[in-house]
Amino acid sequence: MVIWVQCGIVVAMIFLVSFGGDIAKVFFTRLVLMANVAMTIPYLFLIIAYPYFKGKSSIKKGYQVFKSKTTVMVVTILSAAIVGFANFFTIIEPMTSGDYASTIWMVIGPVFFSSTALLLFRRYARRYKNGAYRLLRNDD
(Lines give C-alpha, C1' and ligand atoms only; values in the text may rest on other atoms or scores of the structure.)
Protein backbone atom coordinates (compact mmCIF):
# COMPACT_ATOMS: atom_id res chain seq x y z
CA MET A 1 0.00 0.00 0.00
CA VAL A 2 2.76 2.44 0.95
CA ILE A 3 4.55 1.90 -2.35
CA TRP A 4 1.40 2.94 -4.23
CA VAL A 5 1.15 6.11 -2.15
CA GLN A 6 4.78 6.88 -2.96
CA CYS A 7 4.12 6.16 -6.63
CA GLY A 8 1.14 8.52 -6.58
CA ILE A 9 3.23 11.29 -5.02
CA VAL A 10 5.98 10.89 -7.61
CA VAL A 11 3.50 10.84 -10.50
CA ALA A 12 1.73 13.92 -9.12
CA MET A 13 5.04 15.77 -8.78
CA ILE A 14 6.07 14.90 -12.33
CA PHE A 15 2.64 16.01 -13.57
CA LEU A 16 2.86 19.29 -11.62
CA VAL A 17 6.37 20.04 -12.83
CA SER A 18 5.41 19.28 -16.42
CA PHE A 19 2.14 21.19 -16.48
CA GLY A 20 2.15 23.32 -13.31
CA GLY A 21 3.96 26.34 -14.60
CA ASP A 22 6.81 28.28 -13.08
CA ILE A 23 5.79 27.91 -9.42
CA ALA A 24 5.86 24.11 -9.62
CA LYS A 25 9.23 24.19 -11.38
CA VAL A 26 10.69 26.47 -8.69
CA PHE A 27 9.34 24.14 -5.98
CA PHE A 28 10.84 21.09 -7.68
CA THR A 29 14.19 22.86 -8.17
CA ARG A 30 14.29 23.73 -4.47
CA LEU A 31 13.39 20.17 -3.53
CA VAL A 32 16.23 18.84 -5.69
CA LEU A 33 18.64 21.35 -4.14
CA MET A 34 17.56 20.22 -0.66
CA ALA A 35 18.08 16.56 -1.57
CA ASN A 36 21.51 16.97 -3.23
CA VAL A 37 23.55 17.04 -0.03
CA ALA A 38 21.01 15.20 2.13
CA MET A 39 21.31 12.05 0.01
CA THR A 40 25.05 11.73 0.62
CA ILE A 41 24.96 11.96 4.42
CA PRO A 42 24.06 8.26 4.91
CA TYR A 43 27.13 7.36 2.86
CA LEU A 44 29.27 9.41 5.21
CA PHE A 45 27.85 7.48 8.17
CA LEU A 46 28.65 4.17 6.44
CA ILE A 47 32.17 5.31 5.58
CA ILE A 48 32.83 6.36 9.17
CA ALA A 49 31.34 3.11 10.53
CA TYR A 50 33.48 0.91 8.26
CA PRO A 51 36.65 0.78 10.43
CA TYR A 52 34.55 -0.04 13.51
CA PHE A 53 32.89 -2.86 11.59
CA LYS A 54 36.25 -4.16 10.42
CA GLY A 55 37.55 -4.04 14.00
CA LYS A 56 34.83 -6.34 15.35
CA SER A 57 36.27 -9.82 15.38
CA SER A 58 32.95 -11.30 16.55
CA ILE A 59 31.42 -10.64 13.11
CA LYS A 60 32.33 -13.28 10.52
CA LYS A 61 33.53 -11.68 7.31
CA GLY A 62 33.75 -14.21 4.51
CA TYR A 63 35.52 -12.07 1.94
CA GLN A 64 37.81 -9.15 2.80
CA VAL A 65 39.33 -6.70 0.36
CA PHE A 66 41.28 -4.64 2.91
CA LYS A 67 43.10 -6.80 5.45
CA SER A 68 45.35 -4.41 7.39
CA LYS A 69 44.15 -1.70 9.78
CA THR A 70 46.33 0.86 8.04
CA THR A 71 44.73 0.19 4.65
CA VAL A 72 41.26 0.35 6.19
CA MET A 73 42.04 3.72 7.81
CA VAL A 74 43.58 5.15 4.61
CA VAL A 75 40.57 4.08 2.54
CA THR A 76 38.17 5.41 5.19
CA ILE A 77 39.89 8.80 5.46
CA LEU A 78 40.21 9.12 1.68
CA SER A 79 36.56 8.17 1.08
CA ALA A 80 35.26 10.48 3.83
CA ALA A 81 37.39 13.34 2.49
CA ILE A 82 36.12 12.84 -1.06
CA VAL A 83 32.46 12.76 -0.05
CA GLY A 84 32.92 15.57 2.48
CA PHE A 85 34.72 17.88 0.05
CA ALA A 86 32.18 17.05 -2.68
CA ASN A 87 29.40 18.14 -0.33
CA PHE A 88 31.30 21.28 0.70
CA PHE A 89 31.97 22.35 -2.87
CA THR A 90 28.44 21.46 -3.95
CA ILE A 91 27.15 23.82 -1.27
CA ILE A 92 29.52 26.73 -1.92
CA GLU A 93 29.57 26.57 -5.73
CA PRO A 94 26.32 28.51 -6.22
CA MET A 95 27.64 31.24 -3.88
CA THR A 96 30.58 31.86 -6.19
CA SER A 97 28.17 32.96 -8.91
CA GLY A 98 25.98 34.99 -6.52
CA ASP A 99 23.18 32.42 -6.13
CA TYR A 100 22.93 32.53 -2.34
CA ALA A 101 19.39 31.10 -2.33
CA SER A 102 20.55 27.76 -3.77
CA THR A 103 23.24 27.50 -1.09
CA ILE A 104 20.71 28.20 1.63
CA TRP A 105 18.33 25.56 0.26
CA MET A 106 21.16 23.00 0.15
CA VAL A 107 21.97 23.69 3.80
CA ILE A 108 18.31 23.62 4.84
CA GLY A 109 17.75 20.26 3.09
CA PRO A 110 19.68 17.95 5.43
CA VAL A 111 18.41 19.82 8.48
CA PHE A 112 14.80 19.59 7.31
CA PHE A 113 14.93 15.94 6.23
CA SER A 114 16.80 14.87 9.39
CA SER A 115 14.33 16.71 11.62
CA THR A 116 11.40 15.15 9.78
CA ALA A 117 12.92 11.67 10.10
CA LEU A 118 13.53 12.13 13.83
CA LEU A 119 9.98 13.35 14.41
CA LEU A 120 8.51 10.43 12.47
CA PHE A 121 10.72 7.94 14.32
CA ARG A 122 9.80 9.38 17.73
CA ARG A 123 6.13 9.21 16.80
CA TYR A 124 6.53 5.59 15.70
CA ALA A 125 8.47 4.65 18.87
CA ARG A 126 5.85 6.25 21.10
CA ARG A 127 2.99 4.52 19.28
CA TYR A 128 4.84 1.20 19.29
CA LYS A 129 5.45 1.49 23.02
CA ASN A 130 1.76 2.20 23.60
CA GLY A 131 0.73 -0.89 21.62
CA ALA A 132 -0.54 0.74 18.43
CA TYR A 133 1.41 -1.75 16.31
CA ARG A 134 0.43 -5.03 17.96
CA LEU A 135 0.48 -6.96 14.70
CA LEU A 136 4.16 -6.15 14.18
CA ARG A 137 5.25 -7.37 17.61
CA ASN A 138 6.61 -10.81 18.29
CA ASP A 139 5.91 -10.61 22.03
CA ASP A 140 3.05 -13.13 21.94
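Just so we're clear, the structure is a prediction, and the values are computed from it rather than from any experiment.

Engineer: I tried to follow the overall build of the protein chain on my own but got confused; where do I start?
Structural biologist: The helix and strand inventory of the protein chain stands at 5 helices and 0 strands. When its helices and strands are written in sequence order, the protein chain yields α-α-α-α-α. The globule rule puts the C-alpha radius of gyration for 140 residues at 14 Å, and the 21 Å found for the protein chain is more than 25% above it. Oriented by its inertia axes, the alpha-carbon framework of the protein chain measures out at about 55 × 55 × 25 Å. With 140 residues in all, the protein chain has 15% of them scored as buried. Taking the intrachain contacts of the protein chain between residues at least 6 apart in sequence as the baseline, contacts between residues at least 24 apart amount to 51%.

Engineer: Teacher, can you tell me more about the side chain of lysine 54 here?
Structural biologist: Here lysine 54 lies in helix H3 (residues 41-55). Apart from the residues lying within four places of it in its own chain, the contact partners of lysine 54 are Lys61, Gln64, Phe66 and Val72.

Engineer: What should I look at first to understand the packing of aromatic side chains in this one?
Structural biologist: What characterises a pair of aromatic rings is the spacing of the ring centres plus the angle enclosed by the ring planes. All chains considered together, the criterion is met by 5 aromatic pairs. Three or more aromatic residues joined by ring pairs form one cluster here, namely Phe85, Phe88 and Phe89.

Engineer: So what exactly am I meant to see when it comes to the packing of helix H1 (residues 2-19) against helix H2 (residues 22-38) here?
Structural biologist: The geometry of a pair of packed helices is captured by two quantities: the angle between their axes and the separation between those axes. The interhelical angle for the contact between H1 and H2, taken along N-to-C directions, is 130 degrees, at an axis separation of 7 Å. Classified by the angle their axes make, H1 and H2 are oblique. Along the contact surface, H1 presents Met13, Leu16 and Val17, while H2 presents Ala24, Lys25, Phe27, Phe28 and Leu31. In terms of residue class, the contact of H1 with H2 is built from 7 nonpolar, no polar and 1 charged.

Engineer: Even after reading the chapter, I still don't get the side chain of serine 102, so can you show me in this structure?
Structural biologist: With respect to the helices, strands and loops of the structure, serine 102 is situated in helix H5 (residues 100-129). On the basis of relative accessibility, which here comes to 11%, the residue serine 102 falls in the buried class. With sequence-adjacent residues up to four places away left out, serine 102 is seen in contact with Leu33 and Pro94.

Analysis parameters
- Once a new chain begins, its residue numbering starts again from 1 and follows that chain's sequence as written.
- Whole-chain, interface and lining totals are the exception, using all residues; otherwise, since this is a predicted model, local features are given only for residues with pLDDT of at least 70 and side-chain atom pairs are given and counted only at 80 or more.
- Only hydrogens and water are set aside; all other atoms, that is, all heavy atoms of the structure, feed into the side-chain values.
- Put simply, DSSP H or I for four residues or longer makes a helix, DSSP E for two residues or longer makes a strand, and each gets a number counted from the N terminus.
- Computation of the radius of gyration draws on C-alpha atoms, with the globule rule given as 2.2 Å multiplied by the number of residues to the power 0.38.
- Only protein chains enter the accessibility calculation, which uses a 1.4 Å probe; a residue is then buried when its area is under 20% of its type maximum, exposed when over 50%, and partly exposed in between.
- The contact criterion used is simple: two residues touch if any of their non-hydrogen atoms lie within 4.5 Å.
- Ring pairs shown here join Phe, Tyr and Trp side chains whose ring centres sit within 6.5 Å, with only the six-membered ring taken for Trp; geometry is labelled stacked below 30 degrees between planes, edge-to-face above 60, and tilted in between.
- Axis geometry follows a simple rule: fit a line to the C-alpha atoms, using only the stretch in contact for helices, then measure angles between N-to-C directions, giving values from 0 to 180 degrees.
- Roughly parallel covers angles under 35 degrees, roughly antiparallel covers those over 145, roughly perpendicular covers 65 to 115, and oblique covers all other angles.
- Charged residues are taken to be Asp, Glu, Lys and Arg, nonpolar residues to be Ala, Val, Leu, Ile, Met, Phe, Trp, Tyr, Cys and Pro, and polar residues to be all remaining types, Gly included.

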